[in-house]
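Residues per chain, in single letters:
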Amino acid sequence: MRRLALALLVAPSLALAQRGGRGGPPQPITVHSTHVLDGRGADLGEATITVENGKISRVDRGAPATPATYELGSATVMPGIIDAHVHLNWYFNRQGRYHSGNDGDTPAQSLLAYLENGHATLLGGVTTIQSPGAAIDSLMREWYAAGTLPGPRMLTSLNPISPNLTTPDSVLRAQVRQRKAQGADLIKIFASASIREGGTPTVTAAQMNALCGEANALGLRTIVHAHSSESVRMSILAGCTQIEHGVFTTDADLKLMAEKGTYFDPQICLVFQNYLDNRAKYEGIGNFNEVGFKSLQDAMPLAAAMYARAVKTPGVKIVFGTDAVAGAHGHNLDEMVCRVKAGQTPMDAIVSATSRGAEALRLGNEIGSILPGYAADLVAVTGNPLNDITSMKRVQFVMRGGRVYRNDKP
Ligand SMILES: [Zn+2]
């Protein structure tokens with residue numbers, strides 16, 4: 001059901017309320033454009049959005065009675081983008097190489113690089129990210145939530161769980177409980193090898209049942225790194241919440257996802273292209289070798305073809321996640337351009353990155369829609385992405401929680 005609210009409003013949820021709002025204007029802020037998309041599939045046309053205390057308080061069709069605080073002309077306004085898979089802690093070090101543990105960077109230098117990535121991500125139109133994940137994320141999550149540093153709202157798995165085939169189920173269940181105790185918003189599980197190593201399963205069905213079963217019992221979501229069909233299928237059947245990557249997903253697996261309501265977050269270009277474009281910065285570190293780069297190159301057409309099948313499979317809940325790593329931060333929306341070129345409609349691509357992305361994070365009543373009561377996370381792009389998806393790469397305005405971080409003249 002579309003709740004096209006033309007006036008007030010819904011009991012405000014306090015979960016995402018801004019702390020303090022240092023320097024924020026006390027009076028309502030208005031944002032006007034001749035082209036507003038609500039994030040749920042409706043094109044509202046000309047509309048004026050009123051923002052109070054970090055939340056949307058009204059959405060009115062047409063122009064405002066007095067000039068809007070932010071007059072965005074014919075830019076297309078939509079909810080802030082939600083990226084379900086970002087690694088802010090991946091960066092290029094002072095030598096221009098991918099940062100790895102023993103390169104001499106101090107923790108302070110690393111933290112500054114993470115924050116730089118978070119800032120680039122926000123300015124690129126992404127107002128919420130999910131990180132799968134690193135222990136350091138808990139600090140950034142806290143600072144970004146306070147609104148004292150410019151960055152996206154952040155959810156994190158903290159360190160992922162990477163079983164090997166002999167890890168006992170009891171140990172895996174204990175690891176899930178430990179992550180919850182450490183403050184994880186979700187659990188990230190590796191169920192297959194990297195695509196650079198063939199993507200074959202690294203867990204048993206019983207282990208997946210233990211991990212996702214334990215997480216479900218605790219009310220925690222699970223996202224699973226899985227490339228091979230076998231690992232994808234195991235994850236769906238174990239009741240895991242979301243599958244990542246899934247390059248070798250078959251039509252039967254897609255049908256099973258639709259039946260079980262599993263969210264699917266396949267990446268088809270940004271992450272691959274970024275590694276290839278930055279090859280010299282990664283080459284020789286870990287599995288970034290000749291074979292690894294060949295696998296990445298080979299995976300791109302496979303991933304695009306799989307995506308084309310996924311968007312045609314009724315009921316598959318595709319969300320937008322980029323797997324942004326060093327070199328890709330701030331370019332997240334390049335991935336959306338590829339997804340539309342692979343066959344997704346522009347409107348569905350936008351919905352997948354807004355209201356459906358929010359629903360997958362279990363924040364569907366708080367973010368991802370332009371409706372009264374929702375967080376005032378708004379993005380505007382120059383042009384009309386429904387006609388030309390490359391407009392998504394021309395972000396000109398970013399508001400998060402009612403505060404404006406970017407307002408370029410087009
Ligand atoms: Zn990843």
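Refer to the preceding data block for the structure.
Not measured: the values here are computed from a predicted model.

Some remarks on the sheet that holds strand β6 (residues 81-83)
By way of backbone hydrogen bonds, the strands of a sheet pair with one another, either parallel or antiparallel.
Alright, step 1. The sheet built from three strands is open, its strands ordered β6-β7-β8 with parallel pairing. Bordering the open sheet on either side are β6 and β8 (153-156), each of which pairs with just one other strand. With strand direction ignored, the average angle separating the axes of adjacent strands in the sheet is 15 degrees.
Alright, step 2. As judged from the three bridges shared by β6 and strand β7 (residues 126-131), these two strands associate in the parallel manner.

Focus: the nonpolar core
Alright, step 1. Counting 51 residues, the largest nonpolar core has Met208, Phe272, Tyr275 and Tyr282 as the members making the most contacts within it.
Alright, step 2. Top element by residues in this core is helix α9 (residues 290-312). It accounts for eight residues.
Alright, step 3. Those residues in contact with Met208 that lie beyond four places of it in its chain are Ile189, Ala191, Val203, Gly213, Val224, Met234, Ser235, Ala238 and Cys240.
Alright, step 4. If you look at the next biggest cluster of nonpolar residues, it comprises 32 residues, including Tyr144, Met154, Ile350 and Val398.

Some words on helix α2 (residues 137-146)
Alright, step 1. Those residues of α2 that fall on the buried side of the exposure criterion are Asp137, Met140, Arg141, Tyr144 and Ala146.
Alright, step 2. On its buried face, α2 is in contact with α1 (107-123), β7, β8 and β15 (395-400).
Alright, step 3. Of the residues one or two after α2, Gly147 is the one with positive phi, at around 75 degrees.

A look at the coordination of the zinc ion
Reference values for angles at a metal are 109.5 degrees in the four-donor tetrahedral case and 90 or 180 degrees in the six-donor octahedral case.
Alright, step 1. Of the protein atoms, only His85 (NE2), His87 (NE2) and Asp323 (OD) coordinate the zinc ion, at distances of 2.0 to 2.3 Å.
Alright, step 2. Written as a sequence motif, the donor arrangement for the zinc ion is H-x1-H-x235-D. Note that His87 is positioned in the loop between β6 and α1 and Asp323 in the loop between β13 (317-318) and α10 (334-341), a separation of 236 residues in sequence. Comparing His87 with Asp323 shows no difference in burial state: the two are buried.

Here's the deal with the pattern of salt bridges
Two side chains with opposite charge may pair up if their charged atoms get near one another.
Alright, step 1. Under the counting rule described, the total for this entry stands at 16 salt bridges.
Alright, step 2. We note a salt bridge from Asp348 to Arg356, for which the minimum N-O separation is 2.7 Å.
Alright, step 3. Overall, the relative accessible area of 27% leaves Asp348 in the partly exposed class.
Alright, step 4. Relative accessible area serves as the criterion here: at 16%, Arg356 is assigned to the buried category.
Alright, step 5. One connected set of salt bridges, linked through shared partners, spans Arg173, Arg177 and Glu214.

Quick word on the environment of Arg406
Alright, step 1. If you trace the backbone, Arg406 turns up in strand β16 (residues 403-407).
Alright, step 2. For the pair Arg406 and Gln396, spaced ten residues apart in the sequence, the C-alpha separation amounts to 6.7 Å.
Alright, step 3. Not counting the four nearest positions on each side in its chain, Arg406 is found in contact with Leu123, Val395, Gln396, Phe397 and Val398.
Alright, step 4. Only 2.8 Å separates the side chain of Arg406 from the backbone oxygen of Leu123, close enough to count as a polar contact.

Quick word on the environment of Ala65
Alright, step 1. With respect to the secondary-structure elements, Ala65 resides in the loop between β3 (55-61) and β4 (70-71).
Alright, step 2. Taking C-alpha positions, Ala65 is 9.7 Å from Thr48, a pair spaced 17 residues apart along the chain.

With respect to the packing of aromatic side chains
Alright, step 1. Throughout the structure, instances matching the rule amount to ten aromatic pairs.
Alright, step 2. Judged by centre distance (5.1 Å) and plane angle (35 degrees), the rings of Tyr98 and Tyr282 are tilted. Linking Tyr98 in the loop between β6 and α1 with Tyr282 in helix α8 (residues 279-282), this pair joins segments that are 184 residues apart in sequence. The two residues Tyr98 and Tyr282 agree in class, both being buried.
Alright, step 3. In this structure an aromatic cluster arises from ring pairing among Trp90, Phe92, Tyr98, Tyr275, Tyr282, Phe288 and Phe293.
Alright, step 4. In this structure, Lys281 is placed above the aromatic ring of Phe92, and the distance from its NZ or CZ to the ring centre is 4.7 Å.
Alright, step 5. A cation over an aromatic ring shows up here: Lys317 above the ring of Tyr263, its NZ or CZ 4.2 Å from the ring centre.

Thoughts on the state of the cysteines
Alright, step 1. In this structure the tally under the stated criterion is two disulfides.
Alright, step 2. Disulfide partner of Cys212: Cys240, at an S-S distance of 2.1 Å. Negative torsions about the S-S bond denote left-handed disulfides, and the value of about 100 degrees found for Cys212 with Cys240 makes this one right-handed. Of this pair, Cys212 sits in helix α4 (residues 205-218) while Cys240 sits in the loop between α5 (229-237) and β11 (242-245); the two residues are 28 residues apart in sequence, bridging distant segments of the chain.

Criteria and thresholds
- Residues numbered from 1 in each chain as written.
- Predicted model: local features only at pLDDT ≥ 70, side-chain atom pairs only at ≥ 80, totals over all residues.
- Heavy atoms only, no water.
- Pairing = 2+ DSSP bridges.
- Helix = DSSP H or I, 4+ residues; strand = E, 2+ residues; numbered from the N terminus.
- Axes fitted to C-alpha atoms, helices over the stretch in contact; angles between N-to-C directions.
- Core = buried A, V, L, I, M, F, W, Y, C linked by side-chain atoms within 4.5 Å.
- Buried < 20%, exposed > 50% of the residue type's maximum accessible area, 1.4 Å probe, protein only.
- Contact = heavy atoms within 4.5 Å.
- Donors = N, O, S within 2.8 Å, 3.2 Å for Na, K, Ca; no water.
- Salt bridge = Lys/Arg side-chain N within 4 Å of Asp/Glu carboxyl O.
- Polar contact = N/O pair within 3.5 Å; in protein donor to acceptor, adjacent residues only side chain to side chain.
- Phe/Tyr/Trp six-rings, centres within 6.5 Å; stacked < 30°, edge-to-face > 60°.
- Lys NZ or Arg CZ within 6 Å of the ring centre and 35° of its normal.
- Disulfide = S-S within 2.5 Å.

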